[in-house]
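An overview of the molecular structure
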Amino acid sequence: MKGVIFNILEQVVVEQLGDGTWDDLLDATGLDGAYTSLGSYPDSEIMALVDAASGALGKTPADILRWFGAQAIPRLAVKYPAFFDNQPDARNFLLSVNGIIHPEVRKLYSGAGCPHFQFKEQAGELLIGYNSPRKLCALAHGFIEGGATHYGETVTVEHRRCMHDGADDCQLAVKWVS
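As a starting point, this report considers the structure included with it.

Conventions and cut-offs
Residues numbered from 1 in each chain as written. Predicted model: local features only at pLDDT ≥ 70, side-chain atom pairs only at ≥ 80, totals over all residues. Heavy atoms only, no water. Core = buried A, V, L, I, M, F, W, Y, C linked by side-chain atoms within 4.5 Å. Buried < 20%, exposed > 50% of the residue type's maximum accessible area, 1.4 Å probe, protein only. Contact = heavy atoms within 4.5 Å. Pairing = 2+ DSSP bridges. Helix = DSSP H or I, 4+ residues; strand = E, 2+ residues; numbered from the N terminus. Axes fitted to C-alpha atoms, helices over the stretch in contact; angles between N-to-C directions.

Some points on the nonpolar core
Counting residues in each nonpolar core, the largest one holds 52 residues, and the members touching the most others are Leu-49, Phe-68, Phe-84, Ile-128, Tyr-130 and Ile-144. If we ignore the near neighbours within four places in the chain, the residues touching Tyr-130 are Pro-115, His-116, Phe-117, Gln-118, Lys-135, Leu-136, Cys-137, Ala-140, Met-163, Asp-169 and Cys-170.

Structural notes on the sheet that holds strand E1 (residues 116-122)
Here we have four strands laid out as an open sheet, ordered E1-E2-E4-E3, and antiparallel in their pairing. Two strands bound the open sheet, and with one partner strand each, they are E1 and strand E3 (154-161). With strand direction ignored, the average angle separating the axes of adjacent strands in the sheet is 25°. Inspection of the sheet shows E1 paired to strand E2 (residues 125-131) by seven bridges, in the antiparallel sense. Each bridged residue has a counterpart across the sheet, and for Phe-117 the counterpart in E2 is Tyr-130.

Note that all results are geometric; they support no functional claim without further evidence.
Here is the structure:
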């Protein structure tokens, strides 16, 4: 996991829950919290922080990841405005992930392991297939919700199939609410 994600997680936790909460999470995990944006860190460290937050806040790890994804989008939009400014709406933003955003992420952050998404329009929904060894589908769910909010849109996201339940991939169905 790239350090930039840890940096944004720290920002979100400190801004929303206070410095003490970030320190408590680091203490609970035994991590030092010294993450450089270009560094690479074991996935186990982000999961340890998520699990610690889950226990401290009485929420599931999926809830924590979804919350973080939604809260990360405004910070990512400030850090990487071209990814957002070049898209007119959330649908186009989501559809740009494989072809525009992730290739640029790989250029900026050598060795970044980005998931690949499959997209299909069906019956007024955008079906998004997600597959990654990290199984961070809840984070993707939060990114979708945060992206919609960024563009002033409202969506519902239904997690129809999940790797955590034994499926080969996850399927998220996104509907825009008028």
